[in-house]
Amino acid sequence: MTLSLDPVAAGSAAGCASSAAGCASSAAGCASSSAGSAGSAGAAAPLEHEYRPAHEVDLRATLLPHRRGRHDPATVFADDGVWLAFRTEEGAATVRLTRSTTGIRMQAWGPGAASALDSIPALLGADDDWSELDAEAHPLVAEARHRYPGLRLTRSQRIVDALAAAVIEQKITSTEAFRAWRMLVTKHGEPAPGPAPERMRVPPSAEGWHRIPSWDWHRAGVDPRRSRTVVEATARGAALQRLAAREGAEAQRLLETFSGIGVWTSAEIVQRTHGDPDAVSFGDYHLSKTIGFALVGEELDDDGLAELLEPWAGHRQRVVRLVLATGIARPRHGARITIQDHRDH
């Protein structure tokens, strides 16, 4: 697969090429930055490049797993592009991604701008190879693959962000989980560098999550068991981040050695951090029922889902993403899950 990262405008022969790891490791062919400096956190002029993938990329569909609700302060789908705020080894960064006539325009602000740009090709599925998926094995999967050719599996390598969000989402509704994420990131994150949308925040570092006081977890509606899991895991932030270099299945196994992290949580993490094509969120309240209804017309349990997906072993997450992209939903006969209020416990 060939990719290219080209400068949008002429500039110095620095920027992306000077940060050797990122673009080179994606076989991207780095070029010079357009304007500004990675060290000027609030500078009006961003580092700017164009990413020219060898395949179609649907920005929003690909990045949707990173957005924790419509009001996520760290991932914003706006009229003027997709905005991302995150940390790199060099510091915080804000990235805006927009379509161009020849590819995807990338702009970044903040001390981590150069590293952030290096990470975008992988985030948009540069290493995601769908060639061995047998989509024709089921007509719905085949149709979805045809309708959504730009859907890629994303690889962020940001273990701490994915872990904190996944643990917060354990065994509660999305509504409550997204509210908790929004409250905690808004209060304990930092303002996104550059001209980011209003109230956009960079999520806390591992140390930042570890230092959140119990009363703020309480106000956000996160019970002591989940908050303790995040606090204890992020106390080992360096060890957590080293898992980004492991294969997805191995990283998932090691994540499950942390107290409070089971198969559902570990799968949710590596789907985002590693772009693991086989990681399925077994234990999810709705997933087995939804995928079963879509593919065989009946609700399944986890064992049934595992059997159903077995022919696609190695690509099970691809199949799940394609089915979910169709928007097919099973009929809801039972009562809605009650949002749990842990503040009185």
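That block above? That's the structure.
Treat the numbers as computed from the prediction; the structure is a model and nothing was measured.

## Remarks on the overall build of the chain
Then, number 1: Per the secondary structure count, the chain includes 15 helices and 8 strands.
Then, number 2: A total of 345 residues make up the chain; the buried ones form 54% of that total.
Then, number 3: Across the chain, every contact between residues at least 6 apart in sequence was considered, and the portion connecting residues at least 24 apart equals 65%.
Then, number 4: In the form shown here, the chain has an accessible surface area of approximately 15,600 Å², with 50% of it arising from carbon and sulfur atoms.

## Topic: the pairing of strand β3 (residues 75–78)
Then, number 1: Judged by which residues are buried, β3 turns out to be covered on both faces: Thr75 and Phe77 on one side and Val76 and Ala78 on the other are all buried.
Then, number 2: Bridging between β3 and strand β4 (residues 81–88) involves 4 bridges; their strand directions are antiparallel. Each residue of the ladder has a partner; that of Thr75, found in β4, is Leu84.
Then, number 3: Adjacent in sequence and paired antiparallel, β3 and β4 are bridged by 2 residues.

## Concerning the environment of Ser119
Then, number 1: Relative to the assigned elements, Ser119 resides in helix α3 (residues 113–123).
Then, number 2: Ser119 gets classed as buried once you look at its relative accessible area, which sits at 19%.
Then, number 3: Expressed as a C-alpha distance, the spacing of Ser119 and Thr88, which sit 31 residues apart in the sequence, is 9.2 Å.

## What about helix α6 (residues 174–188)?
Then, number 1: An ideal rise of 1.5 Å per residue puts 21 Å on 15 residues; α6 measures up with 21 Å between its terminal C-alpha atoms.
Then, number 2: Within α6 the residues assigned to the buried category are Glu176, Ala177, Ala180, Trp181, Leu184 and Val185. Considered in projection along α6, the buried side chains sweep an arc of 150° and stay on one side of the axis. Along α6, the residues that are exposed and aim more than 90 degrees away from the buried face are Thr175 and Lys187.
Then, number 3: Next to the buried residues of α6 lie α5 (159–168), β8 (201–202), α7 (206–210) and α8 (214–219).

Definitions and cut-offs
Residues numbered from 1 in each chain as written. Predicted model: local features only at pLDDT ≥ 70, side-chain atom pairs only at ≥ 80, totals over all residues. Heavy atoms only, no water. Helix = DSSP H or I, 4+ residues; strand = E, 2+ residues; numbered from the N terminus. Buried < 20%, exposed > 50% of the residue type's maximum accessible area, 1.4 Å probe, protein only. Contact = heavy atoms within 4.5 Å. Areas by Shrake-Rupley, 256 points an atom, 1.4 Å probe, with all protein chains shown as cover. Pairing = 2+ DSSP bridges. Expected span 1.5 Å × (residues − 1). Arc of directions from axis to C-beta.

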